[in-house]
Amino acid sequence: MRLWYNTRMSKNTTKESKGILAKLLATEGISVTHSVKAETAMFDVKNRQLVLPMWSDMTDDIYDMLVGHEVGHALFTPYDQEKESKIESKGPWNADAQEIGGDSHGHIAMAYLNIIEDARIEKLMKLKYPGLRRDFVSAYAKLDARDFFGAHAKAPKHLIDRINLHFKMGVSAETSLNVQFSPAEKVFVDRIAASETYDDVVQIVKDLWEYEIENSNNPKQSPEYVPEDGEDDGESDGEDGEQRKNEDGDAPNGGIKASKGGSKQLTAPAMAETHNNYLENCKTLVSDDITDVSYVSLPVPNLKNIIITPKEIEHIMSAYKSNDPCVQTNRAAAVVETQKFIRSSNKSVAILVKQFEMKKAADAHKRSSTAKTGILDTVKMMKYRFDDDIFLRSLTVRDGKNHGIVMFVDWSSSMTNIIDDTVRQCFLIALFCKKCNIPFEVYAFSSVHIRADLNLNRQTDKSWDEHYNVADMEVIQADSWSKANGERLRSNYENEEPAVATTQYLDFSDFSLLNFVSSKMSMKEMTTAMANMLQITSVYGKAARHSYYLLNPVLRLSGTPLNECVVAATEIVNQFKAKNNIQIVSTIMLTDGEGGRVGVRQPTSDHKSYIVNEKKKVTYDVGKIKLSPSLGWQCTDTEVLLRIHSMETGSNLLGFYLNESASMSGSRMLDCFLNNPHGQIHTYGMTESEKKKLVAECDLEAQKKLVMSNNYKKDGYFVAEIGCRMGGYKELYVIRGTAMMDTSVDSIGELQALDKGSSVTAVRSAFRKQMKESVMCKNLLNRIIDNICV
């Protein structure tokens with residue numbers, strides 16, 4: 001295997017290729033990030049996270065050496081959760097270093113472990129990937145030429161430094177740096193070269209640690225000690241030497257124990273100078289001139305704390321002012337309205353079912369194949385003289401794909417005037433799914449953190465508008481989101497280690513998902529759940545039927561946590577697919593807008609922006625998944641998160657934007673549904689050719705708006721352009737009010753209400769209205785079914 005090369009590491013170097021290389025070498029989806037603040041490469045064996053530096057003047061062989069080295073830790077360095085949890089480390093070292101070096105010298109023991117473990121994993125990487133040998137040799141030679149290890153000024157004295165240079169530099173360490181070993185030291189070198197497991201490394205470090213303590217506290221026993229003339233050879237140590245050896249043993253500070261009487265402390269092993277020199281010199285390569293890269297991680301939703309189940313919703317509603325007759329009247333009116341809606345929607349549901357069954361039949365036809373069996377057909381045998389088709393045939397139909405739908409309704413205050421119609425559109429799809437036995441779920445996303453309120457034992461009739469205290473807010477925020485490893489998500493503004501580039505998380509707020517309706521419900525339970533939604537929506541909008549005080553404030557319309565909903569929906573949809581064994585799933589967002597900024601940095605020509613899914617070990621390049629223009633629209637976070645949702649779930653992501661206006665002619669809102677609208681036109685300083693080009697583009701834009709407006713008026717909806725400001729969906733439908741509903745019921749009522757003596761003109765007008773509304777409904781429903789079935 002030969003790794004690819006550029007002349008030098010520059011702004012044009014493809015960082016993505018190095019990330020892919022690391023994942024291929026590691027044979028797992030590790031998280032790979034680049035950081036301008038990282039002083040050296042590092043791999044977190046616990047969280048499976050590789051951070052690579054962006055050094056100035058970094059050659060590709062040095063880059064590949066760093067990748068190969070850290071991937072070696074990914075492949076061969078284990079993480080013992082049980083051991084790490086038992087021993088509380090007093091510093092930035094692991095449990096083994098703590099045990100060997102104690103509180104005072106754990107950092108020295110960690111350096112010993114690093115050097116010897118590096119020698120082992122690099123040996124194993126060279127055996128596994130022989131093509132890396134050349135990169136290691138070339139990279140270390142270049143680093144030594146820059147005196148990264150600080151061995152040029154003076155020859156390395158300590159054994160650990162000579163071991164470090166020997167395994168990194170090979171033969172050149174002996175020839176150019178005069179690295180030599182005594183027979184006693186050669187034993188350690190051979191043991192390191194033969195080590196296979198991490199346990200071997202730990203044992204070698206323990207033995208080397210004791211060996212260094214012995215030599216540090218008795219210079220006469222050091223291989224480097226040269227006795228003076230007339231000096232004893234060391235045998236006169238006698239009792240004292242023997243007594244010290246007997247008293248030396250395991251001690252809390254890593255084997256370093258006071259001698260007899262406690263008057264003298266034994267000297268700790270020397271710190272690895274070459275190791276420290278390397279780390280210090282790495283800092284000099286960190287440059288601000290390199291193309292900046294920002295990473296932001298996706299928090300993991302704690303669905304148990306976010307989702308409010310149908311039973312909990314029913315309890316919240318039934319417990320609120322249960323003795324108030326006005327509340328009971330409101331409830332009864334909602335039940336009547338629900339039953340009326342179910343009856344009136346039968347025709348629209350029938351259109352959806354018919355279209356769906358036609359799609360299924362066409363798909364089954366494509367999947368069917370006919371073959372001859374080789375068995376004679378006794379009926380056709382009589383035709384053998386003039387037809388050789390006399391064998392029985394078998395019809396084979398391959399298994400079809402099953403479907404599922406998950407819907408999310410915007411439960412925000414901006415939906416006030418359209419929320420009633422939106423809920424009814426949602427009910428229509430739910431009834432269709434129920435009719436066809438399609439698994440489905442209906443959620444409403446709210447910025448009210450209902451679970452936290454329930455956990456704090458808030459009374460259902462207490463004022464919900466009062467502020468939480470700070471302590472409660474901290475508990476609430478920590479409960480909604482967590483890190484990939486299950487740890488509580490800390491504030492984005494906490495100080496983190498500079499090298500860890502992915503500790504910045506999206507700035508998500510607390511929110512709730514109200515699971516109102518589910519396919520698991522019986523029709524009776526489903527009717528009750530639908531009545532719950534209509535009871536809430538009845539207090540909003542132009543046609544509000546009841547007073548606000550009849551509604552439990554915890555279920556009120558609030559903010560628009562659409563970004564939080566999209567990320568949580570990814571987890572929900574994947575679980576929904578697995579639980580119901582679904583092959584084709586559709587995610588439907590019924591909302592009137594987009595979420596706010598949550599920390600996704602806009603990519604530019606000199607800045608890369610990435611979103612990291614630490615749980616799945618996937619990194620997304622924002623510049624590649626964002627289709628809408630970076631200029632003109634600033635709120636594109638929602639679009640990016642929607643596209644990530646589609647990639648991670650494989651779902652058909654559809655958006656329903658419901659509008660209350662009867663007409664959108666001349667509305668500036670249409671700009672939101674175009675790819676790159678010009679907005680205000682400024683021709684100052686333009687040439688004539690540039691002005692003509694701009695005018696032509698604006699004319700084309702005006703024609704698009706006219707088509708959208710006409711479709712909205714004629715068909716009750718239009719489809720937004722793919723790369724518009726509110727993009728991210730497979731298709732985004734801008735729907736007028738009740739366009740999906742079968743409004744022909746009202747038209748029939750008008751026909752029936754006509755007197756027997758009504759004029760022909762009146763009858764014709766009522767009939768045309770009925771036919772027009774029926775066709776309008778059918779066109780939209782057919783298009784939705786086409787996208788759901790794909």
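Just so it is clear, the structure is predicted and the values come from calculations on it, not from any experiment.

Parameters and conventions
- Residues numbered from 1 in each chain as written.
- Predicted model: local features only at pLDDT ≥ 70, side-chain atom pairs only at ≥ 80, totals over all residues.
- Heavy atoms only, no water.
- Helix = DSSP H or I, 4+ residues; strand = E, 2+ residues; numbered from the N terminus.
- Contact = heavy atoms within 4.5 Å.
- Expected span 1.5 Å × (residues − 1).
- Buried < 20%, exposed > 50% of the residue type's maximum accessible area, 1.4 Å probe, protein only.
- Arc of directions from axis to C-beta.
- Phe/Tyr/Trp six-rings, centres within 6.5 Å; stacked < 30°, edge-to-face > 60°.

1. As for the overall build of the protein chain
- Regarding its fold elements, the protein chain presents 25 helices and 18 strands.
- In the protein chain, 73% of the contacts between residues at least 6 apart in sequence involve partners at least 24 apart.

2. A short note on helix α14 (residues 325-344)
- Helix length check: α14, at 20 residues, gives a terminal C-alpha distance of 29 Å against a target of 28 Å (1.5 Å per residue), a fit within 8%.
- Looking only at α14, the buried set comprises V327, N330, R331, A334, T338, F341 and I342. Angularly, the buried residues of α14 cover 105 degrees about the axis, an arc narrow enough to put them on a single face. Seen from the buried face of α14, the exposed residues on the opposite side, beyond 90 degrees, are P325, T329, V336, K340 and R343.

3. A word on the packing of aromatic side chains
- For the structure on display, the rule yields 18 aromatic pairs.
- Ring centres of Y295 and Y610 lie 5.0 Å apart, and the angle between their planes is 15 degrees; on these two criteria the pair is classed as stacked. A residue pair is termed long-range when its members are at least 10 positions apart, and Y295 in strand β4 (residues 292-297) and Y610 in strand β14 (residues 607-613) qualify at 315 residues. Of the two residues, Y295 and Y610, neither departs from the other in class, the shared state being buried.
- Centre to centre, the rings of F673 and F718 are 5.7 Å apart; their planes meet at 80 degrees, and the pair counts as edge-to-face. Pair noted here: F673 is in the loop between β16 (652-659) and α23 (688-715) and F718 is in strand β17 (residues 717-719), with a separation of 45 residues, a long-range link. Each member of the pair, F673 together with F718, is buried.
- Linked through ring pairs, F136, Y140, F148, F149 and Y278 together constitute an aromatic cluster.

4. Thoughts on helix α13 (residues 310-319)
- Taken residue by residue, α13 has I313, I316 and M317 as its buried positions. Within α13, the buried residues cover an arc of 90 degrees as seen down the axis, which keeps them to one side. Relative to its buried face, α13 has exposed residues pointing more than 90 degrees away, namely K311 and H315.
- A positive backbone phi angle near 45 degrees is found at K321, which sits one or two residues after α13.

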